[in-house]
Amino acid sequence: MAAVGREVSESITAEVLGGLEATETVEDVVRGVMDGLWRIMDRDERLARLYFDLAAVSVVEPEVRKVMREMKAGWRKVVAGLLDGSEAASVYVIAGLEGLALERLDRGETRALRKARELFVSSASAALSGP
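Figured I'd write up the structure that's included with this text. Everything quoted here is computed from the prediction, not taken from an experiment.

It is worth spelling out the overall build of the protein at this point. Helices and strands together make up the secondary structure of the protein, namely 6 helices and 0 strands. Counted from the first residue to the last, the protein has its helices and strands arranged as α-α-α-α-α-α. For 131 residues, the compact-globule estimate of 2.2 N^0.38 gives 14 Å, and the protein sits close to it at 14 Å. Its C-alpha atoms give the protein principal-axis dimensions of about 45 × 35 × 25 Å. Counting across all 131 residues of the protein, residues that qualify as buried make up 39%. At a minimum sequence separation of 6, the contacts of the protein that also span at least 24 residues come to 64%.

Structure below.
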């Protein structure tokens, strides 16, 4: 399970970073990361399901918990690097993406979800761009 978790993490990271264009603003980063995650889910929703399945198993399996912590730490580092090093900002963005991904897995790509995605991008951009 640990090897699968690491492979999933590396695959998702490569896809998301490979699809990022110029990221000059917080909005570019948030939208780019979200679009990368959506591309992955468009291609194979099972990767997202596997991620959440591993997260659920990590509650009771210490080895899986260790791998999930490593995965999340790696993602926080990547996103923080894109957001000028802010770990709190990366936690915020990742938590929002996880919630939106769960909504998509549960109900599909609805009109409400599309609007929620735009709300998240605009609110994250406003919150993280500073005064």
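Within the largest apolar cluster, 35 residues are counted, with the highest numbers of intra-cluster contacts made by Val 30, Met 34, Trp 75, Leu 83, Leu 97 and Phe 120. Elements that contribute at least two residues to this core include exactly α1 (2–18), α2 (26–43), α3 (45–57), α4 (62–82), α5 (87–107) and α6 (111–128). It is α2 that contributes the most residues to this core, 9 residues altogether. With sequence-adjacent residues up to four places away left out, Leu 97 is seen in contact with Val 33, Met 34, Leu 37 and Phe 120.

Moving on, we come to empty space enclosed by the protein. As enumerated under the stated definition, the model contains 1 cavity of 30 Å³ or more in all. Here the largest cavity is characterised by a volume of approximately 270 Å³. Around the largest cavity sit 16 residues that line it, and Ile 12, Leu 37, Tyr 51, Trp 75 and Glu 98 are the ones nearest its centre. Mapped onto the lining of the largest cavity, the elements with two or more residues apiece are α1, α2, α3, α4 and α5. Each residue belonging to the lining of the largest cavity can be placed in one class, and the counts come to 13 nonpolar, 1 polar and 2 charged.

Viewed as axis vectors pointing N to C, α4 and α5 meet at an angle of 115 degrees, and their least axial separation amounts to 8 Å. On the basis of their axis angle, the class for α4 and α5 is roughly perpendicular. The chirality of how α4 crosses α5 is right-handed. Contacts from Lys 72, Trp 75, Arg 76, Val 79 and Ala 80 in α4 reach Glu 87, Ser 90, Val 91, Val 93, Ile 94 and Glu 98 in α5. Taken together, the residues that form the contact of α4 with α5 break down as 6 nonpolar, 1 polar and 4 charged.

Another point: the packing of α3 against α5. Here α3 crosses α5 at 120 degrees, and the two axes come no closer than 11 Å. With respect to α5, the element α3 is oriented oblique. The two elements α3 and α5 cross, and the hand of that crossing is left-handed. Contact with α3, carried on its side by Glu 45, Ala 48, Arg 49, Tyr 51 and Phe 52, involves Glu 98, Ala 101, Leu 102, Arg 104 and Leu 105 of α5 and no other residues of that element. The class makeup of the residues in the contact of α3 with α5 is 6 nonpolar, no polar and 4 charged.

All right, on to the pattern of salt bridges then. Between side chains of opposite charge, a pair can form when the charged atoms approach closely. Applying the stated criterion to the full structure yields 10 salt bridges. Across the salt bridge formed by Asp 44 and Arg 46, the nearest N and O atoms sit 2.8 Å from each other. On the basis of relative accessibility, which here comes to 23%, the residue Asp 44 falls in the partly exposed class. Exposure remark for Arg 46: the relative accessible area of 60% places this residue in the exposed category. The salt bridge partner of Arg 76 is Glu 87, with a shortest N-O separation of 3.5 Å. A residue pair is termed long-range when its members are at least 10 positions apart, and Arg 76 in helix α4 and Glu 87 in helix α5 qualify at 11 residues. By relative accessible area, Arg 76 is classed as partly exposed at 26%. Members of the salt-bridge network, linked through shared partners, are Glu 27, Arg 31 and Glu 118.

Criteria and cut-off values
Residues numbered from 1 in each chain as written. Predicted model: local features only at pLDDT ≥ 70, side-chain atom pairs only at ≥ 80, totals over all residues. Heavy atoms only, no water. Helix = DSSP H or I, 4+ residues; strand = E, 2+ residues; numbered from the N terminus. Rg over C-alpha atoms; globule rule 2.2 N^0.38 Å. Buried < 20%, exposed > 50% of the residue type's maximum accessible area, 1.4 Å probe, protein only. Contact = heavy atoms within 4.5 Å. Core = buried A, V, L, I, M, F, W, Y, C linked by side-chain atoms within 4.5 Å. 1 Å grid on protein atoms, 1.4 Å probe; cavity = no way out; pocket = protein on both sides within 12 Å on 5 of 7 lines; lining within 4 Å. Points joined across faces, edges and corners; volume = space filled by probe spheres on them. Nonpolar A, V, L, I, M, F, W, Y, C, P; charged D, E, K, R; others polar. Axes fitted to C-alpha atoms, helices over the stretch in contact; angles between N-to-C directions. Parallel < 35°, antiparallel > 145°, perpendicular 65-115°, else oblique. Left-handed = near helix turned anticlockwise from the far one by under 90°. Salt bridge = Lys/Arg side-chain N within 4 Å of Asp/Glu carboxyl O.

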